[in-house]
Structures are given as C-alpha cells and as structure tokens.
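# Tertiary structure, described
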Amino acid sequence: MNKIILTLAIVATVLTSCKENKKEKVEAKEAVKVEVNVAELNNVDTAASVLSWKGAKPTGTHNGTVSLKSGGLLVEEGKLTQGYFVIDMSTIKVLDIPADKKGNADLVGHLSSPDFFEVATYPTAKFVITSVVEVEGNLAVTGNLSIKDVTKSVTIPATLTEVGGVSVFKSETFNINRADFNIKYKSKTFFNDLKDKFVDDLVEMSFEIKTKN
C-alpha cells in the first residue's frame, strides 16, 4: 500500500510541475524493454493526428508540425493500455514563416540536416508506450522516445477521450532536451563559447493522436 501511495504521489508531482512550468523538461531515463504487437495496433488515423513543436533562440521562436507515418492505440474498457506511433520526419513543417518564402524552405532544410534531425539517415522517430498511470482523470504516460539513434524513457502528461467512436490521445505541452538525443547544433550543453548565438536545448512539443473511425 505504501508503494502505491508513493507512486501516485510521484505521478501527481510530475503532472503538477508540467502544468506550472512549461520550460521544465521531461526527464529522460534509460529505455524500458517492451513488446508491442504492431500488426494488432495499427489503428491510428495518420491524416487526423499530428505532433506540434516549438523551438527558441534569443532572437525569437519557430513552430510547426510533423505528421505521423503509422501507429496504434490499444484501449481496453475505456483505458489506454498500450500504444505506439511512428513520426515521419520527412514531413517537418514550419508554420510561423509563410510557405512561399525562402526562409521557410531554408529552415525545413536545416532542421532536416545533420545539424538537427538528420532525416536522410533517420527518416522516422518513434514513441512506444511502456506504462500508463491515471491520477485524478489525467494520465502519466511513460514511453520510449526514439530520436535519431537514441532511445530514452520519458513520462508525458496526457488525456484520453472518446468522441463518436474515435479515441483521442492528447498530450499537454511538454519539453524535451534535444541534447539528450545528441542534437548538438549551437547547444550550450556541448559548446561553452556561444554567448547569445545559441539555440535553446529545450524543444516544446505536444501531440494529438486519433484512432480510425
């Protein structure tokens, strides 16, 4: 019983801290071993699902989206028990610069380059759920996040709802530290002489995943 109470207290702390301070990164730990039957879970509506991102530097911010390539959510008796989604890194979009402007294509190209996500070598990223804990109607979803050649276990605050037979798995805004995934470009984690020429290590993210009707 004491272990259960302690677990719930830890999860509640995670959810509260994410709400109070959007710049607090989710803690990246060693990946957890998990087996997910991909064939049985392939029920995500990729056209209706999206990952949103926002990056910052001293002179401003950029934001955009990335589409899903595939994925699945297993919902049993109204509860999320398993899931995964594969992110198609070739679909990076920038929303704060008009699509017909050269700056838009330049930024997409830079984000796709070896400076950041190295899309030619690593065309997908992935999130695989390893555990779900419910606290006061919210979910603390722990999963293996794979970006480039690094996989870390992270816990993300999220909700699960059902609308017209469609399950909607939606996160609150959370932050990952790109340095945890070996993305070094103008990172203060790796370079000490950047002054005001750095790019923030924290990348703000959120996602909305919908199942097929």
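Residues numbered from 1 in each chain as written. Predicted model: local features only at pLDDT ≥ 70, side-chain atom pairs only at ≥ 80, totals over all residues. Heavy atoms only, no water.

We now examine the environment of Lys188. Along the chain, Lys188 turns up in the loop between strand 10 (174–177) and strand 11 (202–210). Considered as a pair, Lys188 and Asp200 are 12 residues apart in the sequence and their alpha carbons are 7.8 Å apart. (Helix = DSSP H or I, 4+ residues; strand = E, 2+ residues; numbered from the N terminus.)

A separate point is the pairing of strand 8 (residues 150–163). As judged from the two bridges shared by strand 1 (residues 29–30) and strand 8, these two strands associate in the antiparallel manner. Bridged to Lys29 within strand 8 is Ser153. Relative to strand 8, strand 7 (residues 138–147) runs antiparallel, the two being bridged by nine bridges. Bridging across to strand 8, Gly143 finds its partner in Val154. (Pairing = 2+ DSSP bridges.)

Under the counting rule described, the total for this entry stands at five salt bridges. Between Lys148 and Glu118 there is a salt bridge, with its nearest N and O atoms 3.6 Å apart. Of this pair, Lys148 sits in the loop between strand 7 and strand 8 while Glu118 is found in the loop between helix 3 (102–112) and strand 6 (124–135), placing the two residues 30 residues apart along the sequence. The class for Glu118 is partly exposed, based on a relative accessible area of 23%. Of the charged contacts, one joins Lys210 and Glu208 as a salt bridge, the two residues approaching to 3.9 Å between their closest N and O atoms. The exposure class of Lys210 is partly exposed, given its relative accessible area of 27%. (Salt bridge = Lys/Arg side-chain N within 4 Å of Asp/Glu carboxyl O. Buried < 20%, exposed > 50% of the residue type's maximum accessible area, 1.4 Å probe, protein only.)

Take the confidence of the model for the chain next. When the pLDDT values of the chain are averaged, the result is 87; 84% of them are 70 or greater. A low-confidence stretch, residues 1–22 (pLDDT under 50), is modelled with 18 contacts involving residues beyond four sequence positions or located in other chains. (pLDDT = per-residue confidence, 0-100. Contact = heavy atoms within 4.5 Å.)

With that out of the way, let us pick up the pairing of strand 9 (residues 166–171). Where burial is concerned, most of strand 9 is hidden: five out of the six residues are buried. Pairing analysis gives six bridges linking strand 8 to strand 9, with the strands arranged antiparallel. Its bridge partner being in strand 9, Thr161 is matched across the sheet by Val168. What sits between the antiparallel neighbours strand 8 and strand 9 is a turn of two residues, in which Gly164 has the positive phi angle 60°. The pairing of strand 9 with strand 11 spans three bridges and is antiparallel. Residue pairing for strand 11: Lys170 is matched across the bridge by Glu208.

Under the criterion given, the structure shown has five aromatic pairs. Both rings, one in Phe85 and one in Phe127, keep their centres 5.6 Å apart while their planes meet at 40°; by these two values the pair is tilted. Taken together, the residues span a long stretch of sequence, with Phe85 in strand 4 (residues 79–88) and Phe127 in strand 6 at a distance of 42 residues. Each member of the pair Phe85 and Phe127 is classed as buried. On the numbers, 5.2 Å between centres and 55° between planes, the contact of Phe169 with Phe207 is tilted. Residue Phe169 is located in strand 9, and its partner Phe207 is located in strand 11; the two are separated by 38 residues in the primary sequence. Owing to a relative accessible area of 0%, Phe169 belongs among the buried residues under this scheme. Cluster of aromatic residues (ring-pair linked, three or more members): Phe85, Phe127, Phe169, Phe174 and Phe207. In this structure, Lys184 is placed above the aromatic ring of Phe190, and the distance from its NZ or CZ to the ring centre is 5.3 Å. The ring of Phe198 is capped by Lys188, whose NZ or CZ atom sits 4.0 Å from the centre of that ring. (Phe/Tyr/Trp six-rings, centres within 6.5 Å; stacked < 30°, edge-to-face > 60°. Lys NZ or Arg CZ within 6 Å of the ring centre and 35° of its normal.)

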